[in-house]
Amino acid sequence: MQQGIHPEYRPVVFRDRTGGLSFLTRSTASSDRTVAWADGRTYPVVDVETSSASHPFYTGRARLMDTEGRVELYRRRYGG
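About the cut-offs
- Residues numbered from 1 in each chain as written.
- Predicted model: local features only at pLDDT ≥ 70, side-chain atom pairs only at ≥ 80, totals over all residues.
- Heavy atoms only, no water.
- Helix = DSSP H or I, 4+ residues; strand = E, 2+ residues; numbered from the N terminus.
- Buried < 20%, exposed > 50% of the residue type's maximum accessible area, 1.4 Å probe, protein only.
- Contact = heavy atoms within 4.5 Å.
- Areas by Shrake-Rupley, 256 points an atom, 1.4 Å probe, with all protein chains shown as cover.
- Phe/Tyr/Trp six-rings, centres within 6.5 Å; stacked < 30°, edge-to-face > 60°.
- Salt bridge = Lys/Arg side-chain N within 4 Å of Asp/Glu carboxyl O.
- Pairing = 2+ DSSP bridges.
- Axes fitted to C-alpha atoms, helices over the stretch in contact; angles between N-to-C directions.
- Polar contact = N/O pair within 3.5 Å; in protein donor to acceptor, adjacent residues only side chain to side chain.

Section: the overall build of the protein
Moving on, step 1. For the protein, the count of helices and strands is two helices and four strands.
Moving on, step 2. Of the regular secondary structure in the protein, the N- to C-terminal order runs β-β-β-β-α-α.
Moving on, step 3. In the protein, which comprises 80 residues, the proportion classed as buried is 15%.
Moving on, step 4. Taking the contacts inside the protein whose residues are at least 6 apart along the sequence as the reference set, 34% of them involve residues at least 24 apart.
Moving on, step 5. Surface accessibility of the protein: about 6,900 Å² in total, with carbon and sulfur atoms responsible for 50%.

Rendered as structure tokens:
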């Protein structure tokens, strides 16, 4: 790997703004804001809009599309 061209890979806290979930992981994302974590250290924090704590697919609040009657509607329109 070539030295000096890659961004720094370090621990970063990602915080879901709507779901209240925070998790510590390693990333190249940078932020000017920091947060104190449970281990007593301070890490950069990146606020995200959606994570598994707030995404409708993972929370079970996903909207299902009604597909019943689609074939009949097509046959009525196009005479099949």
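So, the packing of aromatic side chains
Moving on, step 1. Following the criterion strictly, the structure yields two aromatic pairs and no others.
Moving on, step 2. Note on Phe14 and Phe23: the rings are 5.9 Å apart at their centroids and 25 degrees apart in plane angle, and the pair reads as stacked.
Moving on, step 3. Judged by its relative accessible area of 16%, Phe14 is buried.
Moving on, step 4. Plain terms: the ring middles of Tyr74 and Tyr78 are 5.0 Å apart, the flat faces sit at 50 degrees to each other, and that makes the pair tilted.

What to know about the pattern of salt bridges
Moving on, step 1. If you walk through the whole model with that rule in mind, you get three salt bridges.
Moving on, step 2. Glu8 is paired through a salt bridge with Arg10; the nearest N and O atoms lie 3.8 Å apart.
Moving on, step 3. Judged by relative accessible area, which is 53%, Glu8 ranks as exposed.
Moving on, step 4. The closest approach of N and O atoms between Arg33 and Asp47, which form a salt bridge, is 2.8 Å.

Observations concerning the sheet that holds strand β4 (residues 42-48)
Moving on, step 1. Read across the sheet, four strands follow the order β2-β1-β4-β3 without closing on themselves; strand pairing throughout is mixed. Of all the strands in the sheet, just β2 (22-27) and β3 (34-36) have a single pairing partner and so form its edges. Recorded for the sheet is a direction-independent mean angle of 45 degrees between the axes of neighbouring strands.
Moving on, step 2. Where strand β1 (residues 10-16) and β4 come together, four bridges link them in parallel fashion. Following the sheet pairing, Val13 is matched in β4 by Val45.

So, the side chain of Ser27
Moving on, step 1. Locating Ser27 in the fold gives a position in strand β2.
Moving on, step 2. In this structure the side chain of Ser27 is engaged in a polar contact, spanning 3.0 Å, whose partner is the backbone nitrogen of Ala29.

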